[in-house]
Amino acid sequence: MLNNTEKLDQTVEMIMKHLSDISKRTIASRHGKVCILFIKQLTDRMMLSEFIIKPLIEYSSSRHTLSAEELSDQVIYIDDCKTEEDSCKVTEYLLNGLTVILLSWDESYLVANIKKVESKSVEDPELTYTLRGPRDSFTENLDTNLSLIRYRIKDPNLKIKMLEIGLRTKARISVSYIKDLADEKIVDEILRRIGNLEIEGLIDSGELQALILNNKHSLFPQMGLVERSDMACSAMLRGKILIIAEGSCLALVAPKTFSEFFTSSDDLYDNKYLAAFLKIIRNIAFFSSFTLGSLYIAIVSFHNDTLPSEYVLKLAMLRSNVPFNPITGVFILEIILEILREALLRIPKQIGPAIGIAGTIIIGQAAIASGIFSPLLLIIASTSLLESFIAPDYTIMTPFRILKFIMMLLSSIFGLIGFTMGLCLILTNIISTNSFGVAFSAPVAPFNFSDFKQGFFHEKGYSPQKSLSRKTKGQ
């Protein structure tokens, strides 16, 4: 790239003027000048000293003049080292944390990968805790995450496609899948959507998820979140595509169906009948979490005749001193619980549980003692709050926190007819949604008994978006 020392100095001066945080180390030799450029915060200084600077100093007294390629082969002790001729890429390499070695006697230069990014070690999962399964979770380091995948899946058909998005952040994105299990059309569609993104930068996988959805205005999540590497590998073994963004400890899984949001990691390792029973419990709790309040409004306000007469009298006695009608009481209590939920997310971890328990007890006791809410209403609201945390992938519950208030509004206007209307609207929306071409309500609608049975009991080889050509005997 450079023919003499003056041109080398001019080039380095221009680079350092453009990038103020670039560090430089110069080595003089018989053959000319060697200039090493790197960013301190992104470079392993020990490797730089031992495997690059030290060998180059030893070579500086040699009588033989070696080209950049020969230096890479014979002098530099770095496994990931290559030669480059395009001088326009020097800045790009430096910003990516790579070390650039410029030579005054050769037009080519060396690019060594001794990148070091500070990150936390592999820790226990916080969102998807398990009693029996592995406890290693993803970190913010992309290479660490990919190593966890490679550690478990030793298949040559495991493909990892690397992309780079963000004009300023240059964030690396990995798209991983097993070639003979994943649907190639879905893989191509995901790669196309990510490749067509033109954005300033990407910080977390949540931003990427919002940018590549089928319908950006849909309430329902069309991709799942994965925190643990064993669940990520299990998803890929069922034909899923795994998307990991650099700097994020949560990976994305696509396509994702509605029923798969209620599959826990323990379902993989427990007895399949226990897993099926727990799935039923989760679905019942999920349904109750957004319907109990609206059903209470509809029955108490419009359809008292649906209850036994003894219970109607008991309910009337409980509500005799309550100043609010059922509609107002449910809305006020639900808003208070949403405020508590949001506030507890912002409270420091050390004091959060104590404040949460004390706050809910004090508020509940004071509300009953003062006669603002009936005890039955408090039981319904607190039960709904607990049930909203039942789903292993919490993102499915987010839209139903909004739909719960719509259901309550319809029930307060039309009673059980409004309640039924709300359920029909939600069901229609779920059925009409798809995740990268796969029906969101599969395998229930369209119904497929084989896929339904395999998914319900979580049998091996379950892949609703692509039928496997073969199955292992004995499963």
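Quick caveat, the model's predicted, so the values are computed rather than measured.

Asker: Explanation requested: the sheet that holds strand β5 (residues 109-112) in the structure shown.
Answerer: Neighbouring strands of a sheet are bound in pairs by backbone hydrogen bonds; such pairs are parallel or else antiparallel. Here five strands make up an open sheet; going across it, the order is β1-β2-β4-β5-β3 and the pairing antiparallel. Two strands close off the open sheet at either side, each with one partner strand: β1 (23-29) and β3 (81-84). For this sheet, the mean angle separating the axes of adjacent strands, direction not counted, is 20°. With seven bridges joining them, β1 and strand β2 (residues 32-38) adopt antiparallel strand pairing. Bridging across to β2, K24 finds its partner in L37.

Asker: Is there a simple way to think about the environment of N141 in this case?
Answerer: Note on placement: N141 falls in the loop between β5 and α5 (142-152). On a C-alpha basis, the gap between N141 and A235 in space is 21 Å, while along the polypeptide they are 94 residues apart. A polar contact of 3.0 Å, which involves the side chain of N141, links it to the backbone nitrogen of D143.

Asker: Is there a simple way to explain the nonpolar core in this structure?
Answerer: Formed by 27 residues in total, the largest nonpolar core has its most connected members in I190, I194, L208, I241 and I243. Mapped by element, the contributors of at least two residues to this core are β6 (158-165), β7 (171-178), α6 (184-195), β9 (241-245) and β10 (251-254). Excluding anything up to four places from it in sequence, I241 contacts V175, S176, Y177, A182, I186, V187, I190, L252, V253, A254 and P255. Counting residues in hydrophobic clusters, the runner-up holds 22 residues, among them L48, L71, V75 and I101.

Asker: I keep staring at the pairing of β2 and nothing clicks. Help me out?
Answerer: It is a general feature of regular strands that their side chains alternate between the two faces of the sheet. Most of β2 is tucked away, with five of its seven residues classed as buried. The loop that links β1 with its antiparallel partner β2 comprises two residues. Across four bridges, β2 lies against strand β4 (residues 99-103) in antiparallel orientation. Each residue of the ladder has a partner; that of C35, found in β4, is L102.

Asker: Explain the pattern of salt bridges to me, please; I cannot follow it from the model alone.
Answerer: Any two side chains of opposite charge can pair, on the condition that their charged atoms come close. On inspection of all chains with the given rule, the structure shows 15 salt bridges. For D136, the salt bridge is made with R152, and the minimal N-O distance between the two is 2.9 Å. Within this pair, whereas D136 is found in the loop between β5 and α5, its partner R152 is found in helix α5, the two being separated by 16 residues in sequence. For D136, a relative accessible area of 16% corresponds to the buried category. For R152, a relative accessible area of 28% corresponds to the partly exposed category. By sharing partners, the salt bridges in this structure join E334, E338, R341, R401 and K404 into a single network.

What counts, and where the lines are drawn
- Residues numbered from 1 in each chain as written.
- Predicted model: local features only at pLDDT ≥ 70, side-chain atom pairs only at ≥ 80, totals over all residues.
- Heavy atoms only, no water.
- Pairing = 2+ DSSP bridges.
- Helix = DSSP H or I, 4+ residues; strand = E, 2+ residues; numbered from the N terminus.
- Axes fitted to C-alpha atoms, helices over the stretch in contact; angles between N-to-C directions.
- Polar contact = N/O pair within 3.5 Å; in protein donor to acceptor, adjacent residues only side chain to side chain.
- Core = buried A, V, L, I, M, F, W, Y, C linked by side-chain atoms within 4.5 Å.
- Buried < 20%, exposed > 50% of the residue type's maximum accessible area, 1.4 Å probe, protein only.
- Contact = heavy atoms within 4.5 Å.
- Salt bridge = Lys/Arg side-chain N within 4 Å of Asp/Glu carboxyl O.

Geometry only, nothing functional implied.
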